[in-house]
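# Structural characterization, general
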Amino acid sequence: MDAILLATQMVFQPDVLVTIVLAALFGLFVGSVPGLTATMATALLVPITFFMAPVAAIGAIVTCSAMAIFAGDIPGTLLRIPGTPASAAYTDEAYAMTRKGQGELALGANLLFSALGGLFGTAVLIVAAPSLAEVALQFSSFEYFWLACLGLTCATVVGTGSTIKGLVSLMIGLLVATIGLNNPAGVPRFTFGSVDLMGGIDFIAAMIGLFAVSEIFRYVLGMSPDTSNVQAPAGNLFTGWGRLFKQYWRQSLRGNVLGTAIGALPGAGADIAAWVSYAVSKRFSKTPEKFGTGHVEGIIESTSSNNAALGGAWVPALVFGIPGDSITAIVIGVLYLKGMNPGPTIFINNPQDIYAVFLIFILANIFMVPAGWAAIKSARLLMRVPRNVLMPTILLFCVVGSFAINNSVFGISVMLIFGLLGFIMEENGFPIAPTILGIVLGPLLEENFVTSMIKSDGSFLGFFERPLAAGLGIITIAVWIVPLGLYLWRKARS
Amino acid sequence: MRINDAILGAVLLACSLAVGLYARTFPAIPGQEYGASVFPTWISIALGLCSAVLIAGGMRQWAETGAVSLASWARSGHHLRSLAITIALVVFYILASTPLGFIPTAFIALAILFGVLGVKPLLTPVLAAGITMVVHYGFYSLLRVPLPWGVLTPWAW
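Residues numbered from 1 in each chain as written. Chains lettered and ligands numbered in written order. Predicted model: local features only at pLDDT ≥ 70, side-chain atom pairs only at ≥ 80, totals over all residues. Heavy atoms only, no water.

### What to know about the overall build of chain A
What chain A contains, in helices and strands, is 22 helices and zero strands. Its C-alpha radius of gyration of 22 Å places chain A within 12% of the 23 Å reference for a compact globule of 494 residues. When the 494 residues of chain A are sorted by exposure, 60% land in the buried category. Once local pairs closer than 6 in sequence are excluded, the contacts in chain A between residues at least 24 apart make up 78%. Counting every atom, chain A has about 18,100 Å² of accessible surface; 66% of that belongs to carbon and sulfur. Of note, chain A has its 24 positive side-chain charges centred 14 Å away from the centre of its 24 negative side-chain charges. (Helix = DSSP H or I, 4+ residues; strand = E, 2+ residues; numbered from the N terminus. Rg over C-alpha atoms; globule rule 2.2 N^0.38 Å. Buried < 20%, exposed > 50% of the residue type's maximum accessible area, 1.4 Å probe, protein only. Contact = heavy atoms within 4.5 Å. Areas by Shrake-Rupley, 256 points an atom, 1.4 Å probe, with all protein chains shown as cover. Lys, Arg positive; Asp, Glu negative; His and termini not counted. Charge placed at Lys NZ, Arg CZ, Asp CG, Glu CD.)

Here it is in C-alpha cells:
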C-alpha cells in the first residue's frame, strides 16, 4: 500500500504531469502526420528523456507511444494514408466510411476503442506482470538465455514478409551488438583501433537512424504521400458511443485479448496485432460481406487490438527485460539508463517505480479521449503542416539528439550510417525491428550463454537440466522446427 | 530501388566471411572454451547460411527482375541530387559543427535543405534562423547539451 501511495506522489508532480501533456501532444502530432511513425516519435523523444527524472521519462514515452498509435488512425480515416503502420490494417475500411459520410463515426469509434484497448492492456499488465515476476525470480542464466532466444525467434518468424530476410536483419543487429569492449571476455571486438568504437555502437543513435533518418531520406526522394486535400470532420464525435459499445463489446473484448497477447509476444507489436485482429473479426463476423465497404466492426476490433498491444508489450519488457516490440526495445534502453533495470527484482526492490508506470498508463489512456478529440478537430491543420519545413527540422533534431547522448559527433556518424542502412533494408524488403531487437538482446544473449557454459562446465545439457529451462528450451526449438517442418511437408505434398 | 537478392546475398556472404575470419584473431581466455570469438563466429555462420539462401532465391528470379529494378526516384536526377545533398549536409555538420559552432552550421544546413525542398526563398533564412535558435534554446539552455560555439565563442552565453 505504501508503494502505491509513493507511486501516486511520484506521478502527480507538476513537472511529471506537464511532461505527460507535452508528450501526448507530440505523440498526437507525429502519429497523425503520415510518414512519421510511433516508433520514430519514441526514438526522437529518447534524447530529451535523457535529461529527465526517471518517472517523467517513462511517462513521456508511454504517453507519446499510446497517442501516436491512436493518432495514426486520423489520416488513415480521412485520407486513406495510415499515419503509423499500426493503422494500416483498417485504413481502407475507415476511408470507405469517410466516403459514405460516416467519418465522424469511424474516428469516434477509433478514439473510444483505442482508449478502452489501452486500458485493457494496462489491466493485464497490472495483473500479469507481478505474478510473472514471481516465476521469473526463479530464473537463472539458462532460462534467460532461452527467453532471449525465444524473443529473437519470434521477432523474425512473426513479422510480416520473408523469414530469411528477418533473420538477416536480426544477424545484423546481433553483429552490431558485438562491437566494442562490452563482452564477457572484455576483449575489444571490431573496434579497428578506434576509441569511439570501444564503447560499442550506441543504441539510441542507431534507433534514430533506422527509424527517423531513413524516413527523411524517403521523403527527400519524393516517396511520401500527398496530404493536401483533407476534409476535417464536422459532426459530433461522441454520438453513438453507447450504441457502438453495446453492439460491439464482444469484438472490442476479443480485439483487446488478442492484441494484448500478441503485444506480449516478444518481437510482435501493435502493427501485427491490428492485422491479425482485422482478419479474426472478418472470420467470425455475422456479416463478413460488409467488410471492406465501410463497416465499423473490423475497425473496432483492430483499433482495440493495436492499443491493447502496447500494454501487453510491456509485460515481457518489465518482467524479463525482453522487449515485446521495437517501442519497448527503446524503453528497455531508457530503463537501464535511468537505473531502473528491468527484471523481476524491480518488483520487489522498487515496487513504487512499477506502480508509477501503471498509473501513467492509466492516465495516458484516459487523457487520450480529450486530447484525441482535439487532434481530430484540428486534423486539417495537422495534415497541412508543410513537410518541406518539418522534415529538415526533424533532421536537425535527430542530429542534435544523436550528439547529446555522449556529447560527441561520433553519435551523428552512427545515426547517418544506420539511416542509410535502414533505408536500403526497407527498400529491399528487410524488416527493421529484428535489427533493433538484436542490438538490445545481443549482449544479454551472449552474457547468459557464457555464464551458463561456465556453470555447466561446457556441457550443452545444462540448458535442459532445470525443468523451467527445459520447458523454455523445448518451446524455442519447437518454434524453430515447426515452421520449417510445415514448409518441407507442404513442398513434399506439392 | 530493389537490388536482386543474389547481389545482396553475395555482399552479406562476403561480410560473414570477413567477420568469421576476423573473429579467429580474438584472444582466447586461458582454460575457457567459450571466449570472445564464439558469438561472432556463430553470427557469421548464420549470416553465411542466410546469404546462401538469398543467393539461391535471387538467382531464380534473375531472369525476371535483372540485377537492379530502379524505383522512379532512382531515374529522377532531381530526387537523387536531393538525397545526395541531404547526406552531404549531415556529413558537413559532423565535420564543421565543432570548428564553426552549432548556430552557423545548423543555419547553413537548414537553409540549403529548405532551398532543395522548395521552401520559398524569402522565407528560407527566416525559418532557418528561427528553427536553429529554437533548437539551440531547447537543447543548450533547457537540456544543457554542450552544443559547440565555434567561431561564436566570444559571444557565448
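From this point, the discussion proceeds with the structure in view.
### A few points about the overall build of chain B
Counting secondary structure elements, chain B contains five helices and two strands. In summary, chain B has a C-alpha radius of gyration of 24 Å against a globular reference of 15 Å for 157 residues, an excess of more than 25%. Dimensions of chain B along its principal axes, counting C-alpha atoms only, are 60 × 55 × 25 Å. Here chain B holds 157 residues, and 41% of them are scored as buried. Across chain B, the fraction of contacts at a sequence separation of at least 24, relative to all contacts at a separation of at least 6, is 63%. Summed over its atoms, the accessible surface of chain B is roughly 8,400 Å², and 73% of this surface lies on carbon and sulfur atoms.

### A look at the packing of aromatic side chains
Applying the stated rule across the entire model yields 26 aromatic pairs over all chains. Taking the centre distance of 5.5 Å and the plane angle of 80° together, the rings of Phe 190 of chain A and Phe 26 of chain B count as edge-to-face. Here Phe 190 of chain A is found in the loop between helix H9 (163-178) and helix H10 (195-198), whereas its partner Phe 26 of chain B is found in the loop between helix H1 (5-23) and helix H2 (38-65) on a different chain. Overall, Phe 26 of chain B belongs to the buried group, its relative accessible area being 8%. Taken together, the aromatic side chains of Phe 142, Phe 145, Trp 146, Phe 449, Phe 460, Phe 463 and Phe 464 of chain A together with Phe 39 and Trp 42 of chain B make up a single cluster linked through ring pairs. One Lys or Arg, Arg 283 of chain A, reaches over the ring of Phe 284 of chain A and ends 5.6 Å from the middle of that ring. (Phe/Tyr/Trp six-rings, centres within 6.5 Å; stacked < 30°, edge-to-face > 60°. Lys NZ or Arg CZ within 6 Å of the ring centre and 35° of its normal.)

### Digging into a nonpolar patch on the surface
All names here are of chain B. A cluster of nonpolar residues, Met 1, Ile 7, Val 11, Met 59, Trp 62, Val 68 and Leu 70, forms a patch on the protein surface that exposes about 580 Å² of accessible area. Elements that contribute at least two residues to the nonpolar patch include exactly H1 and H2. You can see Ile 7 is positioned in helix H1. By relative accessible area, Ile 7 is classed as partly exposed at 30%. (Patch = residues over 30% accessible without salt bridge, like charges linked within 9 Å, V, L, I, M, F, W, Y side chains within 5 Å. Salt bridge = Lys/Arg side-chain N within 4 Å of Asp/Glu carboxyl O.)

### Some remarks on the packing of helix H19 (residues 387-406) of chain A against helix H4 (residues 102-116) of chain B
Two elements in contact, H19 of chain A and H4 of chain B, have axes whose closest approach is 10 Å; the angle formed by their N-to-C orientations is 145°. The crossing of H19 of chain A and H4 of chain B is right-handed. Along the contact surface, H19 of chain A presents Asn 388, Val 389, Pro 392, Thr 393, Leu 395, Leu 396 and Val 400 of chain A, while H4 of chain B presents Phe 102, Ala 106, Leu 110, Leu 113 and Phe 114 of chain B. When the residues that make up the contact of H19 of chain A with H4 of chain B are grouped by side-chain class, the tally is ten nonpolar, two polar and no charged. (Axes fitted to C-alpha atoms, helices over the stretch in contact; angles between N-to-C directions. Left-handed = near helix turned anticlockwise from the far one by under 90°. Nonpolar A, V, L, I, M, F, W, Y, C, P; charged D, E, K, R; others polar.)

### Remarks on the nonpolar core
Trp 314, Leu 318, Ile 394, Cys 398 and Phe 449 of chain A together with Phe 102 of chain B are the most contacted members of the largest nonpolar core, which has 158 residues in total. In terms of residue count, helix H11 (residues 203-220) of chain A provides more of this core than any other element does, 14 residues in total. If we skip the residues at most four places from it in the chain, Trp 314 of chain A touches Ile 58, Val 62, Leu 125, Thr 328, Val 331, Val 357 and Phe 361 of chain A. Met 97, Ala 106, Met 368 and Leu 382 of chain A belong to the second largest nonpolar core, which has 50 residues in total. (Core = buried A, V, L, I, M, F, W, Y, C linked by side-chain atoms within 4.5 Å.)

### Side note on the interface of chain A and chain B
On the chain B side, the residues contacting the 56 residues of chain A number 54 residues. Of the roughly 5,000 Å² buried between chain A and chain B, counting both surfaces, carbon and sulfur atoms make up 83%. One salt bridge connects Asp 5 of chain B with Lys 165 of chain A, and the closest N-O pair in it is separated by 3.0 Å. Our count for the chain A to chain B interface comes out at four residue pairs in polar contact (both at pLDDT 80 or more). Breaking the side of chain A that touches chain B down by element, the ones donating at least two residues are H9, H11, H19, helix H20 (410-427) and helix H21 (433-455) of chain A. Looking at the side of chain A that touches chain B element by element, the count peaks at twelve residues for H19 of chain A. (Buried area = accessible area lost by both parts, 1.4 Å probe. Polar contact = N/O pair within 3.5 Å; in protein donor to acceptor, adjacent residues only side chain to side chain.)

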